[in-house]
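Coordinates in review
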Amino acid sequence: MRRGPATVWRSGASAALGGDMGRTARPLFSSLLGLGLLLLCSWGCPGNAQRRPPPRKIAIIGAGIGGTSAASYLRQKFGRSVKIDVFERGEVGGRLATTVVQGQEYEAGGAVIHPLNLHMKRFVKDLGLPTLELSGGVTGVYNGEKMVFEESSWFIVNILKLIWHYGLQSLRMHMWVEDVLDKFMRIYRYQSHEYAFSSVEKLLHSLGGDDFLQMLNQTLNETLQKAGFNQKFISEIVAPIMRVNYGQSTSINGFVGAVSMASTDSGLWSVEGGNKLVCSGLLENSESNLIRGSVMFIEDKTKKRNPGDPRRTYEVVYQVGSETYSDTYEVILVATPLIPEIANITFLNFDPPIEEFQQQYQPIVTTFVKGRLNTYLFCAKCRDGFGYSTILTTDKSKLLVNSIGLVTSVYEPSYIQPSKDGSGIWKMFAQETLTKHQIARLFNSYIYASKQPWLAYPRYQPPQKCPSIILHDHVYYLNSIECAASAMEMSAISAHNIALLVYNRWNGYEDMIDQELLYERLKVEL
């Protein structure tokens, strides 16, 4: 075993590289949400306590949006003297990725960013990345026999249609999601004041109290029924949105369901060139070392340290190509799902042992097809042409796909005109790889383009138990938050929380961790 990698690239060499798994349904009812942004302010170092010297070396395993934003926040907190190594066995960006279809790049992973995603907005602004607004298009909801709801491109007509079909349910949904988001956005104020949380449950409770924990531990269907929504609205509007965003239905937990419904708001956007550019940009700006290797073991070496050495150290054993190397670190962040299919990491000599992770992840296959959709299958009596840019499906559709939607490349203007004859480049989400026969049923003619299988997000099965954030004294698990809700912004929030948690625990700032009634306290202090 060698010590140190044969080749370590500075992150700048990857500047062209790179929960939300696709362009969500273009606003199904664009009047759904409208929140003002919270004003953020910043405090200095908590209290007057003397800070310890920073850790010498920090390891981050995973270079997706969580890992790269953690590298950025840790650099901000601990300064330039800390050596940060980021391990990535695949491409920088993780589940933010593009695929090439006939020479053009398209978003194959996380594709949309919400206007209230304040961390993502800050990253993009600081990195100077150009953006594309996502707009245009008309959505239809298909139940296997017919379109049960057809959106209009006219705002007023669309509102009237929603009222005609579902009464005031859409207005109730607007108010329900707005209330959830209003409480959730308190996290930005907490983090601006450097408060951190040691578990996902404590973080959620600080934002929404027992209501948020209840949402975490009951299904979305139960949550919405208790809130007064009828089953027709849930089945025809809510369930299709869950299917396109999370590959699951209203049996997911209520909290992730609220996150999913927020994605139907207007004002969605993406990064020109691909959202993965945020990850490579953060990695470069953090001046971290990118190690293109696969981590195999993490071992607690504290018992083997020299007498009188107070440091707790961990050894990371990893593989680059056919060579095996090792290095030691004082802090480790795991920023990739701890499941064998994604990160098969063994933890050695930990006391107590680090628990095994039983979380299952939902398989999703993204398929791009350039061709002419079989419009007769969805709309046998369309008089003026097909006219849809997105088709969502209900649980009863039995169509093999969760959604079908027209897409533009990561460099094109993003206004999507409805397709009159069904021709274009279509992006489909399905739980299994589609066969040629299945694609032929959906398309009159086509050029098979590309497919991308993912273990995209957790399989939500409430009551939901989130894994520990603190796996050991200085070993942290960033992806724990995915069990509450998986999204780009959720990973960035978790990264900021863990960076603050690492910093506060390292320096003994216990009064900055897991504080109750923060919202009321900060209102008084401000």
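Residues numbered from 1 in each chain as written. Predicted model: local features only at pLDDT ≥ 70, side-chain atom pairs only at ≥ 80, totals over all residues. Heavy atoms only, no water.

**Focus: unusual backbone geometry**
The linkage connecting Asp-351 with the following residue, Pro-352, adopts the cis geometry, with an omega of 0°. On the secondary structure map, Pro-352 appears in the loop between strand E16 (346–348) and strand E17 (361–373). The amide bond that connects Pro-462 to the next residue, Pro-463, takes the cis arrangement and shows omega of 5°. Tracing the backbone through its elements, the reader meets Pro-463 in the loop between strand E21 (443–458) and strand E22 (470–472). Backbone geometry at Leu-400 places phi at a positive 75°, although glycine is not the residue there. By secondary structure assignment, the location of Leu-400 is in the loop between strand E18 (390–393) and strand E19 (401–406). Non-glycine residue Leu-517 carries a positive phi angle of around 55°. Looking at the secondary structure, you find Leu-517 in the loop between helix H13 (488–507) and helix H14 (518–525). Residue Leu-517 is classed as exposed on the basis of its relative accessible area, which comes to 65%. (Helix = DSSP H or I, 4+ residues; strand = E, 2+ residues; numbered from the N terminus. Buried < 20%, exposed > 50% of the residue type's maximum accessible area, 1.4 Å probe, protein only.)

**Concerning the packing of helix H4 (residues 169–184) against helix H6 (residues 200–216)**
Contact geometry for H4 and H6: axes closest at 10 Å, N-to-C directions at 125°. One way to sum up the angle between H4 and H6 is to call them oblique. Where H4 crosses over H6, the handedness of that crossing is left-handed. Two secondary-structure elements touch here, H4 through Trp-176, Val-180, Lys-183 and Phe-184 and H6 through Leu-207, Gly-208, Asp-211, Phe-212 and Met-215. Tallied by class, the residues present in the contact of H4 with H6 amount to six nonpolar, one polar and two charged. (Axes fitted to C-alpha atoms, helices over the stretch in contact; angles between N-to-C directions. Parallel < 35°, antiparallel > 145°, perpendicular 65-115°, else oblique. Left-handed = near helix turned anticlockwise from the far one by under 90°. Contact = heavy atoms within 4.5 Å. Nonpolar A, V, L, I, M, F, W, Y, C, P; charged D, E, K, R; others polar.)

**Notes on the sheet that holds E17**
For sheets, the rule is that strands pair by backbone hydrogen bonds, running either parallel or antiparallel. If you trace the seven strands from one edge of the open sheet to the other, you get E9-E8-E18-E19-E20-E17-E21, paired in mixed fashion. Either end of the sheet is taken by a strand with one partner, and the two such strands are strand E9 (147–150) and E21. Neighbour-to-neighbour, the strand axes of this sheet turn through a mean angle of 20°, independent of strand direction. For E17 and E21, the ladder comprises 13 bridges, and the chain directions are antiparallel. Paired with Val-369 across the strands is Tyr-448, a residue of E21. Where helix H8 (residues 231–246) meets the sheet, it contacts strand E8 (139–142), E9, E17, E18, E19, strand E20 (423–430) and E21, and its direction lies at approximately 105° from that of E18. (Pairing = 2+ DSSP bridges.)

**A word on the confidence of the model for the protein**
Per-residue pLDDT for the protein has a mean of 88; in total, 87% of the residues score no lower than 70. Taken as a whole, residues 5–45 scores under 50 in pLDDT and shows 157 contacts with residues more than four places along the chain or in a different chain. (pLDDT = per-residue confidence, 0-100.)

**Overview of the environment of Glu-91**
Among the secondary structure elements, Glu-91 is positioned in the loop between strand E4 (83–87) and strand E5 (98–101). On a C-alpha basis, the gap between Glu-91 and Lys-276 in space is 9.5 Å, while along the polypeptide they are 185 residues apart.

**Some points on the pattern of salt bridges**
In total, this model carries 16 salt bridges according to the counting rule given. The partner of Arg-95 in a salt bridge is Glu-482, and the shortest N-O contact between them spans 2.8 Å. One end of the pair, Arg-95, is in the loop between E4 and E5; the other, Glu-482, is in the loop between strand E23 (475–477) and H13, and 387 residues separate them in sequence. Taking relative accessible area as the criterion, Arg-95 reaches 23% and is therefore assigned partly exposed. With a closest N to O distance of 3.5 Å, Lys-183 and Asp-179 form a salt bridge. One end of the pair is Lys-183 and the other is Asp-179, both in helix H4 and four residues apart, which spans about a single turn. What emerges from the salt-bridge pattern is a single network uniting Asp-300, Arg-312, Asp-473 and Arg-505. (Salt bridge = Lys/Arg side-chain N within 4 Å of Asp/Glu carboxyl O.)

**Focus: the pairing of E17**
Counting buried positions along E17 yields ten of 13 residues, so the element is predominantly enclosed. Examined bridge by bridge, E17 and E20 share eight bridges and lie antiparallel to one another. In the strand pairing of E20, Phe-368 is matched with Lys-427.

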